[in-house]
Amino acid sequence: MAAVISTAGLARTFQTKAGPVDAVRGIDLTVREGEILGFLGPNGAGKTTTLRMLTTLLKPTGGAATVAGHDLAADPAGVRRASGYVAQSGGVDPQITVREELVTQGRLYRLPKTEAVARAGELARELDLTDLLDRRTGALSGGQRRRLDIAMALTHRPKVLFLDEPTTGLDPGSRADLWDLVRRLRDEHGTTVVLTTHYLDEADALADRLVIVDRGTVAAEGAPGALKLTYGGSIDASLQDTFLAVTGRGPAPADSAPVAV
Amino acid sequence: MLLHDTALIYGRYLRQSLRSRFALLFGVLTPLLYLLFFGPLLTGLPLGGQGSSWQVLVPGLLLQLGLFGALFAGFTVILEKGQGVVERMRVTPVSRLALLLGRVLRDATVFVFQAVLLVLAALVMGLRAPLAGVLIGFAFVALLTLSLASLSYALGMKVRTPQEFGPLINMVSMPSMLLSGLMLPMTLAPAWLDVLSHFVPFRYLVDAVRDAYVGEYTSAHMLYGVLAAVGFTALSVTAGTRVFRTTGA
Ligand SMILES: Nc1ncnc2c1ncn2[C@@H]1O[C@H](COP(=O)(O)OP(=O)(O)OP(=O)(O)O)[C@@H](O)[C@H]1O
Ligand SMILES: [Mg+2]
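For clarity, every value in this text was computed on a predicted model and none was experimentally measured.

Q: Mind showing me how you'd approach the coordination of the magnesium ion (ligand 2) here?
A: Put simply, the ideal angle at a metal is 109.5 degrees for four donors in tetrahedral geometry and 90 or 180 degrees for six donors in octahedral geometry. Residues and elements named next belong to chain A. Distances from the magnesium ion (ligand 2) to its protein donors, Thr48 (OG1) and Gln88 (OE1), fall within 1.9 to 2.1 Å. On the criterion of sequence distance, the pair formed by threonine 48 in helix H1 (residues 47–54) and glutamine 88 in the loop between strand S6 (83–86) and helix H3 (98–108) is long-range, its members being 40 residues apart. Glutamine 88 matches threonine 48 in its accessibility class, with the two residues each being buried.

In structure tokens form, the structure reads like this:
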């Protein structure tokens, strides 16, 4: 299978008043088409920063990457057309209705008006938002809002979907629904999915392959089973122990407040 | 594509303005208070120039409306960054320039609308001015808001918190208002103040609108006013565009 994402030495240093912060120090990554990649790492490891670079939101200070055949630096517009992104903290205006946000999103992806309206209805059905279409997004529950965030990112049927902690704050039922959705996207549309999570059971169940980053670099990567064997000592080791062995410290508790960026 | 995207963004933010009708009207309150409680003080005073004191005061109030309103426009972009709305739009192929233009055109619409309300109130108070002059005044309000809102959004994109934004804007807005002679013409000022005020671009705008309000459409003031307004708008929109293009990617 062809690589749909590849990065070489991708790096980002933030200049802050307190001095430079090396958020990402050089990430080499290859993601195959149709793969579900779990992107793990402790708080502050550089996951969000990496995703923001791969979605053109942030200019890398080093290295290069291609997404769906488009070079990040030379063809950001191509990258944008090919990818969808659900940010860690979402991205909808609380005063606007679900319907208007979905339609506007379609129009931002340059769908004609009638198609944008039709697509909004389709997405609402797919993500169980139909009854909520006329509600303001500020009046949605956390899980409903997360489903909306995901619907927005799927508007243009992207080849690559980046999900930053998509299931944080979801109840077990909604999480299971989301897993099903991710698998369905891959199986039916061949979508490549890169998702970050702090739930190791989720990574274990959902991802074909895991990349564990720590302090801005890739600390380990491989299929969950292979990682357990190498770092956890046996194929029956828990991913938790494997994660601890790789990063040398405990994963953040799943309910800790995410760091806003 | 630029037109399509600009219209889309314009529509989104105009609907936002229409949703908060109260804020829409509230913006006229300050200049209206000046009109009601400060305007009558001037009617008997020798302000120099031709026409009534209303023809001097109303142009100043119009530009004050635009100045204060547009300078604070960027505040909303800080909130939207916090909500993730800015990044969510920036990952789509939408034109970066449209993200700025749609917003500033919305602002120009809102402030021209408020300017119309203010002029209507002024007519009731006793303002008499030629229609062409009044329309020219609105055009200046539009240019002023386009330029200041562009700068304000650019600043909003750059800073992280409202706490950094407010003081910076206040530092600009108060001196600009006082030094450009928005309340009283600078021709009344001592020489040093008059000279100083020539370094504030809004001075030229208010002089031009005052000329327009007395039917002087071909004066030197008008020429300088147009040059200053157009030049300042071109500069500000360019600066704003640069920030909207480069922030992030
Ligand atoms: N805009 C910024 N300016 C300065 N430092 C930043 C900025 N954004 C992120 N950082 C820093 O970069 C590092 C990586 O942050 P990032 O958000 O990528 O981590 P993360 O792996 O997503 O963590 P989490 O699991 O908590 O979401 C952190 O130390 C963070 O404080
Ligand atoms: Mg993160």
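Q: Even after reading the chapter, I still don't get the interface of chain B and chain A, so can you show me in this structure?
A: How big an interface is tends to be expressed through the accessible area that disappears when the partners come together. Listed by partner, the interface residues are 26 residues for chain B and 26 residues for chain A. Counting each side, the surface lost to burial between chain B and chain A is near 2400 Å², with a carbon and sulfur contribution of 51%. In terms of surface lost to chain A, no three residues of chain B exceed Arg88(B), Val91(B) and Pro93(B), which account for 26% of the buried area on that side. Where chain B touches chain A, the interface holds 6 salt bridges. In this structure, the salt-bridge partner of Arg110(A) is Asp5(B), at a minimum N-O distance of 2.5 Å.

Q: Would you mind showing me how to read the side chain of Glu100(A) here?
A: Turning to its location among the elements, Glu100(A) is positioned in helix H3. A distance of 2.9 Å separates a polar atom in the side chain of Glu100(A) from a polar atom in the side chain of Arg15(B). Beyond its immediate chain neighbours, meaning those up to four positions away, Glu100(A) contacts Arg15(B) and Arg19(B).

Q: I would appreciate a short explanation of the UniProt feature "transmembrane region" (unreviewed entry) in chain B in the present structure.
A: Residue and element names in this part refer to chain B. The sites that UniProt annotates as "transmembrane region" (unreviewed entry) are residues 22–42, 54–79, 100–125, 131–156, 168–193 and 222–244. The span residues 54–79 is 88% helical and 0% strand by assignment, and the distance between its end C-alpha atoms comes to 38 Å. The span residues 100–125 carries 100% helix and 0% strand; its end-to-end C-alpha distance comes to 37 Å.

Q: How should the site of ligand 1 be read in this particular structure?
A: Taken together, 17 residues are adjacent to ligand 1, and Asn43(A), Gly44(A), Lys47(A), Thr48(A) and Thr49(A) come closest. Each of chains A and B places residues next to ligand 1. Ala45(A) has a polar backbone atom sitting 3.2 Å from an oxygen atom of ligand 1. At 2.7 Å from an oxygen atom of ligand 1 is found a side-chain nitrogen or oxygen belonging to Thr48(A).

Q: Which parts of the structure should I look at to understand the UniProt feature "domain: ABC transporter" (unreviewed entry) in chain A?
A: Per the UniProt record, "domain: ABC transporter" (unreviewed entry) is found at residues 5–240 of chain A. With 38% helix and 28% strand, residues 5–240 of chain A has end C-alpha atoms that lie 27 Å from one another.

Q: How do you make sense of the packing of helix H6 (residues 75–83) of chain B against helix H9 (residues 131–158) of chain B when you look at a structure like this?
A: For any two helices packed against each other, one specifies the crossing angle of their axes together with the interaxial distance. All names here are of chain B. It is the contact of H6 with H9, at a shortest axis distance of 7 Å, that shows an interaxial angle of 30°. Judged by the twist between their axes, the crossing of H6 over H9 is right-handed. Where H6 abuts H9, its residues Thr76, Val77, Ile78 and Lys81 lie against Tyr153, Gly156, Met157 and Lys158. Of the residues contributing to the contact of H6 with H9, the split by class is 4 nonpolar, 2 polar and 2 charged.

Scoring rules and cut-offs
- Residues numbered from 1 in each chain as written.
- Chains lettered and ligands numbered in written order.
- Predicted model: local features only at pLDDT ≥ 70, side-chain atom pairs only at ≥ 80, totals over all residues.
- Heavy atoms only, no water.
- Donors = N, O, S within 2.8 Å, 3.2 Å for Na, K, Ca; no water.
- Helix = DSSP H or I, 4+ residues; strand = E, 2+ residues; numbered from the N terminus.
- Buried < 20%, exposed > 50% of the residue type's maximum accessible area, 1.4 Å probe, protein only.
- Contact = heavy atoms within 4.5 Å.
- Buried area = accessible area lost by both parts, 1.4 Å probe.
- Salt bridge = Lys/Arg side-chain N within 4 Å of Asp/Glu carboxyl O.
- Polar contact = N/O pair within 3.5 Å; in protein donor to acceptor, adjacent residues only side chain to side chain.
- UniProt positions renumbered as here; feature names shortened; annotations may be inferred.
- Near = heavy atom within 4 Å.
- Axes fitted to C-alpha atoms, helices over the stretch in contact; angles between N-to-C directions.
- Left-handed = near helix turned anticlockwise from the far one by under 90°.
- Nonpolar A, V, L, I, M, F, W, Y, C, P; charged D, E, K, R; others polar.

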